[in-house]
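# A closer look at the structure
In case you want the letters, here they are:
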Amino acid sequence: MFAIFLKFAENRPKAPEFMAAHKAWIKQGFDDGVFLMVGSLQPNMGGAVLAHGVSRYEIETRVNADPFVVEGIVSAEILEISPARADQRLDFLMA
């Protein structure tokens, strides 16, 4: 499982120009069954993604393809989590 933090970077003013492509990237992550949740980092710091079911290499490749990352609008930090215990509603993460 991965926690991905997309923090605004020097090209943040370009975000509106690439928002549609970024949203398409997010949609693809959900369509592929990789993304579990996306949301905003508060206060107005960028975004975060929870992902699962792929390797570290695959998630790095996917994140590096985000138009916001490509254009330097955000910098990405990927943290890998090895779940040890979870609420039963999250049992699918334990595999």
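Here we summarise the structure given alongside this text. (Residues numbered from 1 in each chain as written. Predicted model: local features only at pLDDT ≥ 70, side-chain atom pairs only at ≥ 80, totals over all residues. Heavy atoms only, no water.)

## Details of unusual backbone geometry
- That bond from Gln-42 to Pro-43 is cis: its omega, -5°, falls within 30 degrees of zero.
- When you line up the elements, Pro-43 lands in the loop between β2 (35-41) and β3 (46-51).
- Positive phi, normally seen in glycine, also occurs at Asn-44, with a value near 50°.
- With respect to the element layout, Asn-44 can be found in the loop between β2 and β3. (Helix = DSSP H or I, 4+ residues; strand = E, 2+ residues; numbered from the N terminus.)

## Details of the packing of aromatic side chains
- One pass over the full model with this rule turns up 2 aromatic pairs.
- Relative to Phe-35, the ring of Trp-25 has its centre 5.2 Å away and its plane inclined at 65°; by these criteria the two rings are edge-to-face. With Trp-25 in helix α1 (residues 15-31) and Phe-35 in strand β2, this pair connects stretches of sequence that are 10 residues apart. The same class applies to Trp-25 and to Phe-35, which are both buried.
- Note on Phe-30 and Phe-35: the rings are 6.0 Å apart at their centroids and 90° apart in plane angle, and the pair reads as edge-to-face.
- Classification of Phe-35 by relative accessible area gives buried; the value is 5%.
- Taken together through their ring pairs, the aromatic side chains of Trp-25, Phe-30 and Phe-35 make up a single cluster.
- The side chain of Arg-12 reaches across the aromatic face of Phe-8, ending 4.0 Å from its centre. (Phe/Tyr/Trp six-rings, centres within 6.5 Å; stacked < 30°, edge-to-face > 60°. Buried < 20%, exposed > 50% of the residue type's maximum accessible area, 1.4 Å probe, protein only. Lys NZ or Arg CZ within 6 Å of the ring centre and 35° of its normal.)

## A look at the nonpolar core
- Ranked by size, the top nonpolar core spans 18 residues in total, and within it Ile-4, Leu-6, Ala-51, Ile-59 and Val-63 carry the most contacts.
- Those elements giving two or more residues to this core turn out to be β1 (2-8), α1, β3, α2 (56-64), α3 (67-70) and β4 (74-80).
- Per element, the largest residue contribution to this core is 4 residues, and it comes from α1.
- Ile-59 has contacts with Phe-2, Ile-4, Val-34, Ala-51, Val-54 and Ile-78, leaving out every residue within four places of it along the chain. (Core = buried A, V, L, I, M, F, W, Y, C linked by side-chain atoms within 4.5 Å. Contact = heavy atoms within 4.5 Å.)

## Digging into α2
- Among all positions in α2, only Ile-59, Arg-62 and Val-63 are buried. Looking down the long axis of α2, one finds its buried residues gathered within 95° of arc, a one-sided arrangement.
- Packing partners of the buried residues in α2 comprise β1, α1, β2, β3, α3 and β4. (Arc of directions from axis to C-beta.)

## Observations concerning the sheet that holds β1
- The strand order across the open sheet formed by 4 strands is β2-β3-β1-β4, and the pairing between neighbours is antiparallel. The open sheet has two edge strands with one neighbour each: β2 and β4. Strand-to-strand twist of the sheet, defined as the mean angle between neighbouring strand axes without regard to direction, takes the value 15°.
- Sheet topology note: the β1/β4 ladder contains 7 bridges and is antiparallel. Looking at β4, one finds that Phe-2 is bridged to Glu-80.
- Contacts from α1 reach β1 and β2 within the one sheet, and its direction differs from that of β2 by about 150°.
- Along the sheet face, α2 touches β1, β2, β3 and β4 and points at about 165° away from the line of β4. (Pairing = 2+ DSSP bridges. Axes fitted to C-alpha atoms, helices over the stretch in contact; angles between N-to-C directions.)

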